Structures are given as C-alpha cells and as structure tokens.
Amino acid sequence: YEVAFALIKMFDSEIDISVGFLMQIDKLVQLLESPVFIHLRLQLALGVDEPHHTALLKSLYGLLMLLPQSDAYKSLNDRLMTVCNLKEHVGIEDSTHETNH
C-alpha cells in the first residue's frame, strides 16, 4: 500500500491528468467494488489497527480526490465514510493524521 500511496502522490506533479486518465481511475474504483477485491475491502474494516492501514486509507482518499463527482466517487466516498464511522464507533484513534512539532 505504500507503493500505491507513492504513485498517488506522483499524480500531483508528474502525471498529466486527462479525461481518459480520470475514466481509468473511475474504472479502477468500480473494480475495487467487485468480488475480486473483497480481501482489500475487508482489510479496510478489519485491519484498522494494522500498520499498512494508514497507507491504504491515504491511497484510497487520494483516488477519491482525483475523481470528479460521479457514481465511482460516491461509491468510494461511502466506503471510506463507513471505515471512518467504524473507527469512531470502536474507539480507534485515527493514525492518518500526523502531528508536527
């Protein structure tokens, strides 16, 4: 998941974002909702206290920020909101926020 997050960060400056690119991201999000990626979705819910969880969340939020408002955006946003609500309900501190001293 760290590699995925590193790629997402490259989209900020090194990759030209085109309509075709956004359509591919849309298809990727649709694929993430397919049965093939059930393991990844379960890791979102069950792995909230695992070290890889932060990179996974940041990667998915990065994809969310790239997408225009669409069905894929809504689907991914709903999935991520569910994970955040789960963390809140079970009392797990959000490790995606880094503190700077």
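For the structure itself, look to the data block above.
Summarised in this report is the structure supplied together with it.

What counts, and where the lines are drawn
- Residues numbered from 1 in each chain as written.
- Predicted model: local features only at pLDDT ≥ 70, side-chain atom pairs only at ≥ 80, totals over all residues.
- Heavy atoms only, no water.
- Salt bridge = Lys/Arg side-chain N within 4 Å of Asp/Glu carboxyl O.
- Helix = DSSP H or I, 4+ residues; strand = E, 2+ residues; numbered from the N terminus.
- Buried < 20%, exposed > 50% of the residue type's maximum accessible area, 1.4 Å probe, protein only.
- Expected span 1.5 Å × (residues − 1).
- Patch = residues over 30% accessible without salt bridge, like charges linked within 9 Å, V, L, I, M, F, W, Y side chains within 5 Å.
- Areas by Shrake-Rupley, 256 points an atom, 1.4 Å probe, with all protein chains shown as cover.
- Core = buried A, V, L, I, M, F, W, Y, C linked by side-chain atoms within 4.5 Å.
- Contact = heavy atoms within 4.5 Å.

## So, the pattern of salt bridges
Moving on, step 1. For the structure on display, the rule yields two salt bridges.
Moving on, step 2. For E33, the salt bridge is made with R79, and the minimal N-O distance between the two is 2.5 Å. In this pair, E33 sits in the loop between α2 (19-32) and α3 (38-46) while R79 sits in helix α5 (residues 71-90), placing the two residues 46 residues apart along the sequence.
Moving on, step 3. A residue is classified by how much of its surface remains accessible, and E33, at 29% relative accessible area, is partly exposed.
Moving on, step 4. Note that K74 is salt-bridged to D78, the shortest N-O span being 3.0 Å. Pair noted here: K74 and D78 are both in helix α5, with a separation of four residues, about one helical turn.
Moving on, step 5. With relative accessibility at 36%, the residue D78 sits in the partly exposed group.

## Description of helix α4 (residues 53-66)
Spacing of three or four residues puts side chains on the same side of an α-helix, whose turn is 3.6 residues.
Moving on, step 1. Taking 1.5 Å per residue as the helical rise, α4 with its 14 residues ought to reach 20 Å, and the 20 Å between its terminal C-alpha atoms agrees with that figure.
Moving on, step 2. Taken residue by residue, α4 has H53, T54, A55, L56, L57, S59, L60, G62, L63, L64 and L66 as its buried positions.

## A word on a nonpolar patch on the surface
Moving on, step 1. Residues I38, L42 and L46 make up a contiguous nonpolar surface patch of roughly 310 Å² in combined accessible area.
Moving on, step 2. Within the secondary structure, L46 sits in helix α3.

## Here we look at the nonpolar core
Moving on, step 1. One finds L44, L60, L63, L67, L76 and L80 to be the most contacted residues of the largest nonpolar core, which totals 20 residues.
Moving on, step 2. Where this core is concerned, the elements lending two or more residues are α2, α3, α4 and α5.
Moving on, step 3. Considering each element in turn, this core owes the most residues, six residues, to α4.
Moving on, step 4. Setting aside its immediate chain neighbours within four residues, L44 contacts H53, L56, L57, L60, R79 and V83.

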